[in-house]
Structure formats: C-alpha cells, structure tokens
Amino acid sequence: CIGFVICCPSSKRRTSLCICISKNVCEEKWTPRSLLAVIRLRLQSVNLNSQTFGLNSYTSCGIFPHLSEETALATVLFSRSLFRVSADAFSPVVRTAFLSSGFWKRPQFQQPSLNRLQSVLMSTAVAEADALNDLPRWDLERHFPFPSPHDSKVDATIDEVEALAKSFNEQFKGKLEARLGDAVLAMEKIVEKWHLTSSYLSLSQATQLANEEMIRRASSAQARFAKISADFLNFFKIELAALGDEEFEKAMKADSRLERYRSFLEETRKSKPFLLEESVERALTVRGPWAGTRTVTEFFEQELSKAKFKVEGEEEELGLEQLLSRLSSPDQSVRQTALKSLNAGLELNKVDKIACLSLNMVCGSWHIENEERGYKNLRSKRNLNNNVPDEVVDALLETVRSYGPSLTKRYYQLKKKVLQRTAGLKEFTWADRNAPLEVKGGDKVYSWNEAVEICLRGYKKFSPRMATLFQNMVAEGRLDAPAADGKRSGAFCSGVIPGVGPFQLHNYQGTKRCIATLAHESGHGCHYILSGKQGALMHHAPLTLAETASIFGEMVVFRDLLDQTGSKTERLGMILLKIDDIVNSVVRQCSFDRFEELAHTARSTGRFSVANLDSFWKQTVVEYYGAEGEVFDKYEDIDKLWSYVPHFHSVPFYVYAYAFADMVVGSLYSVYAKNSEGFEEKLIDLLEAGGTRDFVEALKPFGLDPSRSEFWKEAFDAYLEPLLSEAEELAEEIEKNPEA
C-alpha cells in the first residue's frame, strides 16, 4: 500500500489509497510508530497537498471517533509534519479536524490541550532520527518573506529601506528636538525592515560559506546598507547626542510616546564624547564594507569553515567541528591525535597566517579608532556597548586573573589524579583538559531526539513557560543542527527582529557538551522571544545580560542530569564535566581576553607576526594554568590554537561577557537554590526587559550587585568552590570504595 501511494501517478488513486491507510490505522492494525514510518516515506518521496493526503482524508471517512488517543495524536502529527503547519496555525487546524468530528466529545477525552499536542508533535518529529543522521536544518523561507537570498523581493525590501531612510532624513534632520517622538517611531520601522533583510542574508550565508555567489550577494547588500546609513541615518545619533540635558528632557516631556524609548535614547546619548564630525562618521560608515575589517574577517571565517584536517591512521579528512569533538573522547590516544592534527592542520591550512592578517587589521582598526574617538582604555568601547563601567570589568578580570588560576590548578590536579586512577594516564597533557571521566555509557553518542528531550526536561523543572518556548523553537524549524562542510563553526542564536526570530545554528556531534550547547543557545532563543515586547530598538540585551538566560539554561539542564545520576562515580563525572564548562567559560575566556590585550597592545606599536601570536598564546596559558610540569606535564601541540577563535576577529573583547554572565548566573542559581519561590517570575521579568535595564538595575531584585568589587570573589565562592569541594569529596570516597 505504501509503495503504491509513493509511485502512483494518479492523485485520485493516491487519495483512495490514503483513505485505505487511514482505515487500517482506524482499526488499530497499524501502530502510531508504523504510521510515522509511512509519514517519513511520504515526506521523502511525494509532495502532496491537504486535499490529497491530509486532514480532509481522515475526516471524510469519519475515522476520528474510533481512534485511540495515542493514534489520534500521531495522526495529527502526521498532518502537521506533512504540511508544515506553523505552531500559531496548529490550533485552528485541530479544531477543524477534531472538533467537527466530535472526537473530543468522547467521555474518555478532555478538551484538547494545545500544549499536549505540541509536546507530542515536537518529541516525535525527530523520533526516527539516527544519532547523527537526519538532523534538522532550519527553514528560513518559512519564517522570512523571501523565497531565496537571490530573489528580487530582497532587492525590493532594500529599496524600501532606502526610500524610508531618505524620507527620514528629509523629515527630521535639523528638526530632531521638535519631532523626536516621530523620528524614533520612524527609525524603528526602518530598523525592522533593515534587520529583517540583513539577518536573512547573514543566516543564509552562515550555512553556505563556500558558496561564492552567496558571499557576493551578502557583501553587496552590506555595502548598500552602509551607504544608506551614511547618507541618510548617521545624523540621528549625532544630533541626539548633541542635545543638551535640558533640551532632551523637554523633548521627552513634550511627547508621551518617548518614555517607552528612554533607555534606547539615553544609551545613544552616552556616545556623545566619542562621536566625530558628521562628515567623518559618514566616510567611516560608507567605507566599512569596502575598506574596513569585515572583508578580511569574513575571509578568515570562510577559510576556517573549509579547512580539512588529516588524522593519523585515517584516510578521510575531518572538518574543524568533527575534530574538536574528539578532544572530549574518553580515549587519551584519540584526544592526543586530535590535538596534534588540529594544531598541525591550522598551520597546514594556513589558518594561522590568515588569522594573523585579520587580527592585524582588527587590532589596528581598534587602536586608531580608540585614539581618534578618545576612549579611555582598550575595552572602553566594548564596555560602553555593554552598558557596564570600565571599573566593573577591570574588577572582574583582576579577580579572575588573581584568584582563578589557583582554583583552576586545584581542579586540574584533582582531574589528573582521577584520570590516573580510572584511565591509567601516565601523563596529563593539554589534550586531557576536557577528558570525561570514564563511566558506563560515558562515551555515548546522543541522538538529536535525546538531546531535545534532556533539554526539555531540564527547562520544564525550572520554567514551564521557557520549556514551551523551547518546544516551539524545535517544532518550527528554527534550528540548524548538523556539522556540515561550508558551515560556520561553533554555535550561535540570532534574534533577528521580534516576531521573526530566533534561529539557532549548531554543529551537533552527539556529545554531552553538544547538549549543553543546545541548552545554552535555547536560553538565548527564549530571551529573544521574551524581550520581543520591547520592539526592534530595545529587544537586544547588553552582552553582560545577554548570556544570562543561556548560561542559566545550561545550569538547569545540568542540575536535572545530575539528579538522574545513579552512582557516585557517575555523579562525579557529571560534576567534573560542569566544572570543565565553568573553567572554560570563566578562566579560559578571561585568558582569551588577556591574549587579546597582548595582541592589541603589540599592534599599537607596529605589526605583529604569527610567531608573536604563538608566543602570546603560550604566555596566557602559563599565566592562567601554570607552568609546564606544575599541573599539565606537557604543553605540546598548543601554539596555534589561538588561530581558530572567531570572537577575536568579529567582536574584539567580547569574551569577558561569558565570564561576567557565568559568574552572575552562578550567583543567581545560589539565590534560586536557597529560595525558589517567585524566582521564575523575577527571571522572566529580567529577560522580558531586553535592553531597557542595566546590569545593576536588572539584578537588584535578586539581592545581587556586581558593581561591588567584592562581588566576583563572592561569586567564585558561591559557584565554583562548592562544586569543586563536592568533586574532591566524591573522588576520595570512590578511591576508598571503587564500587560506589
């Protein structure tokens, strides 16, 4: 029957055969799992509409009143999956098909629950996927109003942005004080259309870095947007910043609509001391896509995405993400071979040379702009964008630099001892930094479905609302999961604009760290959705708060997994994995910041070489992890590892935000663990605020104040210290009783 449906050229006969299948399901001859097998074949083989094989086929033969709940839900899933009905449209579809048939009037069923149906939909949509096969790809065209990146609708939208910007300039230039309210509302409309188009092209390019036509398309659009901004929009920031405090407050009082945008306006005005003349700002903006750093940084990302790495003893070369996943293998020889291949391959693929060229451009541009604009220190520009004072960031970095290494060394001494006992390690090298503790099933490759279920369970325990948002993201084709050639490395979540985003990019390899990444990026996604109420100008939180939801998402999933452990050894393995993540997010990211500091400082006096950057990298490793032989017996195959870190190029001095957020989340979770009552509501309120609150105001309801210099040391004590102490106690107990 399945075969006939797939091959049959007659739509009428297909319909008849589909009804035949429906009757088999009705009579319970096929289980829901069998039905899902049919669904997969149908999706892969035939493009049918709802008249041919959908809800109409089922309702027309009147089978709904006879189905079991399980089979009925699978049937709904079938129709939903086949016709890609969005979550928003799902409810009316269910009403039409189910309620009209009287299905839900049966006494054993209650009023249909949309959440229940969506849960079944989401969980079974990937039930048939193998561990690393059949991974979901995002469906951008489903959510954006463009059939493809090369469609004329993209150009038409850019033309519309240009027309709106030109009109904006004609209406408001020189008249901002008198018409500030109208100007802000008009600017918001421009930003919505601009970001809709630029985000679509950027996301399309992220999975097509080897596609030269796609790259040209995106870069051409960037150049157009830059010229539009330079010709028509730059005046807004300059004139707004130039308003005196009295004039600004007068304009605010004159138009009640403006109070909603106060945070956006005040943030914009903070740039006043660093703005140049309008003609200079225009020249910088219009030259950006042509002569700025973007071209070389994008070239670096493209070459990194295309790099292939030779692995000793294997014929097939690996991509970067595939190789990086091996650094967490339980097998030391696999880890060491992977690290050796990575370090050598970065040089063989000339990634180190391209990265050096890019960083010379980035650091040089950063240096001259800092001087010309008058920023106080290296990080002041980034700190201003993050809405955090220099002194707070300096206190964070100094605390991590002075206190972090001692905890790091203590942790890796423990890990070294555990791995020597459990895995028979003779020496502890950099390749063993992220080694997992060998426990039963510790080398398991998790399917995408398992990863989704683990994250969903963790989110549900903390926040049912965020769990529902996570379900929707998975069900609506917003995640691009597989590690593929020509795809951007790592992972990210793009918010786009309210009502359209978010979208997540992953390079899923089935490890526990990949599950943590899914939890992390989904936290970003929840944040974007919740902050959408603030509109296109204010839904983006500053970096210091933007990582809060993501890292909290990781934490709740980790705590849920920890609760599932069945032995002390398994619990120790989970805790070591979490401490790995904390050290990587806090100490390692601050060591990255230190590397940037060394590179930027060197660039201020001239160009640096690959050898200089190799040396800076080794210097930071010693500063934060100890000298060779102190903890790590060898620092072999590490000198080129700086060259694959993309943040150094695209967002200088971004990395401290990870440490900032991780420490804040550690403190937040301590508050939650002590008293969970009302905590979810407070956190949701923080996330809904988007970019309308600074970090001090945002964290005040939790009794936290990161502006205090002592906060960071207290965060270490409340966050990392308890986990490390528990790990040490467990390791001692297991050593005495290996069967524990």
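In what follows, the structure referred to is the one given above.
This write-up is about the structure you can find in this document. (Residues numbered from 1 in each chain as written. Predicted model: local features only at pLDDT ≥ 70, side-chain atom pairs only at ≥ 80, totals over all residues. Heavy atoms only, no water.)

Some details on the sheet that holds strand β3 (residues 503–508)
Put simply, the rule reads: Following DSSP output, two strands are said to pair if at least two bridges run between them. By definition, any uninterrupted DSSP run of H or I lasting at least four residues is a helix, any uninterrupted run of E lasting at least two residues is a strand, and each is numbered from the N terminus. Axis lines are fitted to C-alpha atoms, over the contacting stretch for helices. Their N-to-C directions set the angle, which ranges from 0 to 180 degrees.
Sheet architecture is open: 3 strands sit in the order β1-β3-β2, paired in mixed fashion. Edge positions in the open sheet fall to β1 (479–482) and β2 (492–494), since each of these has one partner strand only. Sheet twist, expressed as the average angle between the axes of neighbouring strands with direction ignored, equals 10 degrees. Pairing of β1 with β3, which is carried by 3 bridges, proceeds in the parallel orientation. Following the sheet pairing, L479 is matched in β3 by Q504.

Concerning unusual backbone geometry
Only a minority of non-glycine residues have a phi that is not negative, and only a minority of peptide bonds are not trans. For the bond from G501 to P502, the omega torsion is 5 degrees, close enough to zero to count as cis. Turning to its location among the elements, P502 is positioned in the loop between β2 and β3. We note that K350 has phi near 60 degrees; this positive angle belongs to a residue other than glycine. For K350, the position within the fold is in the loop between α18 (332–348) and α19 (351–373). Its identity is not glycine, yet N387 carries a phi of approximately 60 degrees, on the positive side.

Re helix α23 (residues 464–475)
Because each turn of an α-helix spans 3.6 residues, side chains separated by three or four positions in sequence point in the same direction. What counts, and what does not: A helix is expected to span 1.5 Å for every residue after the first. We call a residue buried when its accessible area falls under 20% of the maximum for its residue type, exposed when it is over 50%, and partly exposed in between, using a 1.4 Å probe and counting protein chains only.
The end-to-end C-alpha distance of α23 is 16 Å, a good match for the 16 Å that 12 residues give at a rise of 1.5 Å each. For α23, the tally of buried residues reaches 9 of 12 residues, placing the bulk of the element in the interior. If you check which residues of α23 are buried, you get M466, A467, L469, F470, Q471, N472, M473, V474 and A475. The positive-phi residue at the C-terminal boundary of α23 is G477, with phi of around 70 degrees.

Focus on the pairing of β3
The buried fraction of β3 is high, at 6 of 6 residues. Burial of the side chains of β3 extends over both faces: F503, L505 and N507 are buried on one face and Q504, H506 and Y508 on the other.

Quick look at the packing of helix α30 (residues 656–674) against helix α33 (residues 711–736)
For the record, the criterion: Any angle from 65 to 115 degrees is called roughly perpendicular, while one under 35 is roughly parallel, one over 145 is roughly antiparallel, and all others are oblique. Left-handed describes a crossing in which the near helix is turned anticlockwise from the far one by less than a right angle; the clockwise case is right-handed. Residues are treated as being in contact if the distance between any of their heavy atoms lies within 4.5 Å. Gly is put with the polar residues, along with every residue not named as nonpolar or charged; the nonpolar set is Ala, Val, Leu, Ile, Met, Phe, Trp, Tyr, Cys and Pro, and the charged set is Asp, Glu, Lys and Arg.
Two elements in contact, α30 and α33, have axes whose closest approach is 9 Å; the angle formed by their N-to-C orientations is 60 degrees. Considering the angle they form, α30 stands oblique to α33. Considering only the axes of α30 and α33, their crossing is left-handed. Listed contacts from α33 to F660, D662, M663, V664, G666, S667 and S670 of α30 are F711, W712, A715, F716, A718 and Y719. Of the residues contributing to the contact of α30 with α33, the split by class is 9 nonpolar, 3 polar and 1 charged.

Regarding the environment of L407
Tracing the chain through its elements places L407 in helix α21 (residues 390–423). For the pair L407 and L720, spaced 313 residues apart in the sequence, the C-alpha separation amounts to 8.3 Å. With near-sequence residues (within four places) excluded, L407 lies in contact with F716, L720, E721 and L724.

Quick notes on the side chain of K578
Counted only if it meets this: In summary, the charge assignment counts Lys and Arg as positive and Asp and Glu as negative, without counting His or the chain termini. By definition here, a salt bridge exists when the distance from a side-chain nitrogen of Lys or Arg to a carboxyl oxygen of Asp or Glu is within 4 Å.
Within the secondary structure, K578 sits in helix α27 (residues 568–603). Despite its burial, K578 remains without a salt bridge, the nearest opposite charge being carried by E554 at 4.3 Å. In this structure K578 touches E554, M555, F558, Y719 and L723, once residues within four positions along its chain are discounted.

What about helix α16 (residues 294–306)?
Over its 13 residues, α16 extends 18 Å from the first C-alpha to the last, a length consistent with the 18 Å expected when each residue adds 1.5 Å. The complete set of buried residues in α16 reads V296, T297, E298, F300, Q302, L304 and S305. Lining the buried residues of α16 we find α11 (180–206), α12 (212–242), α17 (320–325), α18, α19 and α29 (647–650).

Digging into the packing of aromatic side chains
The way to describe two aromatic rings as a pair is by their centre distance and the angle between their planes. The criterion, for reference: Each Phe, Tyr or Trp ring (for Trp, its six-membered ring) is paired with any other whose centre lies within 6.5 Å, and the angle between the two planes then decides the class: stacked below 30 degrees, edge-to-face above 60, tilted in between.
Tallying each qualifying case throughout the model produces 42 aromatic pairs. Aromatic side chains W194 and F225 sit 5.1 Å apart centroid to centroid with 10 degrees between the ring planes, which places their arrangement in the stacked category. Here F225 lies in helix α12 and W194 lies in helix α11, a separation of 31 residues in the sequence. Aromatic side chains Y412 and F632 sit 5.1 Å apart centroid to centroid with 55 degrees between the ring planes, which places their arrangement in the tilted category. Of this pair, Y412 sits in helix α21 while F632 sits in the loop between α28 (610–625) and α29; the two residues are 220 residues apart in sequence, bridging distant segments of the chain.

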